[in-house]
Each structure stands twice: as C-alpha cells, then as structure tokens.
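Summary of structural features
Listed here are the chains, written in short residue letters.
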Amino acid sequence: MTPPQSQDAASEADERWMRRALALAARAEREDDEIPVGAVLVSADGAVLGEGWNRNITEHDPSAHAEIVAMRQAGLRLGNHRLLGATLYVTLEPCAMCAMAMVHARIARVVFGAHDPKTGAAGSVFDLLADPRHNHRVDVVGGVLGDEAGARLTAYFRRKRGKKG
C-alpha cells in the first residue's frame, strides 16, 4: 500500500493543532515516560473537544493510546459516542485499533504527523479509514510536521535502548 501523500502546504490550522499534539506528546514522555504520541480532537467550529497522550503503560490499559484518550474525553464532554464533524490531530499514524475507533465515532478527518511503516492503519500498512466496506470513511492527511514527530519518536526509542544519537 502507498502511504497517504503529505500535504505540500499544510493549512495553518492543521500545523497549529499538530503543534498542540506535539506538546502533548512531549508531556507523555516527560511526565509518564510513555511513547511520545499526542492527540487533540477539534470540533468543526474549532473548539477543543478532547486531548490526550499515550497512557497505556501508566494505566495498564492496552487501549489507552493518545487517540482513544482524546476521543473518550470528547465523548464524555459531548455526552455522545458520535464525534461528528470532528478532526483528530495525532503525532503518529493511527494503528488499527485507533483507526476503527475513529470509524465507529464517525470522526470526519484525521491529520497525523509521522507515518508508521510497521503498524500504520491510515495508508502505510493498512488503509482502514478509507475502506469502502465501512459505512463511514475518514478523510486522511498524513505527514503534517512529520519530520518533527518522527524525530521525537526516534530519540525516545534510542534513549530507551541506550543508543547514542
């Protein structure tokens, strides 16, 4: 499969929200020593509905990825499991679990930073968000501030493995 094309000129809003997601990723690493992935969910009118960072190690919860944390927060805030019209900004391409949660939540759009050539489910390994067999498809924009997001992940894993940069 071919990964989604990076936008040549990501919109200002996409870059602004991705910077917020990157700040959340930094908190994941700094505060919880988690893999630095951050996510922010924004309504169609530009309001933050939910945000989060990886918490699966800290919470002993395999489903507590940044995207799921942000969607749970939004669902509670809205009192609804449907997150219609929302855009999810996440620093790493979603995995299959997170991608299917987005489909079920009816997220309108996902914007991600770094591509994930091992488990990416937004075009790199799988293309679950655009699969025509689903009754809902999510628009995907990949690679927004991807170099920065990828560098943060690489540095984290090098540090964890005790390798020099």
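Rules used throughout
- Residues numbered from 1 in each chain as written.
- Predicted model: local features only at pLDDT ≥ 70, side-chain atom pairs only at ≥ 80, totals over all residues.
- Heavy atoms only, no water.
- UniProt positions renumbered as here; feature names shortened; annotations may be inferred.
- Salt bridge = Lys/Arg side-chain N within 4 Å of Asp/Glu carboxyl O.
- Helix = DSSP H or I, 4+ residues; strand = E, 2+ residues; numbered from the N terminus.
- Buried < 20%, exposed > 50% of the residue type's maximum accessible area, 1.4 Å probe, protein only.
- Phe/Tyr/Trp six-rings, centres within 6.5 Å; stacked < 30°, edge-to-face > 60°.
- Pairing = 2+ DSSP bridges.

Under an unreviewed UniProt entry, the protein chain has the name tRNA-specific adenosine deaminase and belongs to Vulcaniibacterium tengchongense. Reading the Subunit (unreviewed entry) entry of the UniProt record for the protein chain gives the comment "Homodimer." In UniProt, the protein chain has this text filed under Sequence similarities (unreviewed entry): "Belongs to the cytidine and deoxycytidylate deaminase family. ADAT2 subfamily."

In this section: the pattern of salt bridges. Any two side chains of opposite charge can pair, on the condition that their charged atoms come close. The tally for this structure, following the rule as stated, stands at 12 salt bridges. Between R159 and E29 there is a salt bridge, with the nearest N and O atoms lying 3.5 Å from each other. Of this pair, R159 sits in helix α4 (residues 146-160) while E29 sits in helix α1 (residues 12-32), and the two are 130 residues apart along the sequence. The class for E29 is partly exposed, based on a relative accessible area of 21%. A salt bridge links R159 to D33, with the nearest nitrogen and oxygen atoms 3.0 Å apart.

On to the packing of aromatic side chains. Applying the stated criterion across every chain, the model contains two aromatic pairs. Relative to F157, the ring of Y156 lies with its centre 5.2 Å away and its plane at 80 degrees, an arrangement referred to as edge-to-face. Classification of Y156 by relative accessible area gives buried; the value is 2%.

Our focus in this paragraph is the pairing of strand β2 (residues 48-53). In the case of a regular strand, side chains alternate between the two sheet surfaces. Note that strand β1 (residues 38-42) and β2 share five bridges and pair antiparallel. Within β2, the residue paired with V40 across the bridge is E51. What sits between β1 and β2 in their antiparallel hairpin is a turn of five residues, with G46 showing a positive phi close to 90 degrees.

Taken from the UniProt record, the annotation "domain: CMP/dCMP-type deaminase" (unreviewed entry) applies to residues 12-139. The span residues 12-139 shows a helical share of 34% and a strand share of 19%, and its end C-alpha atoms are spaced 18 Å apart.

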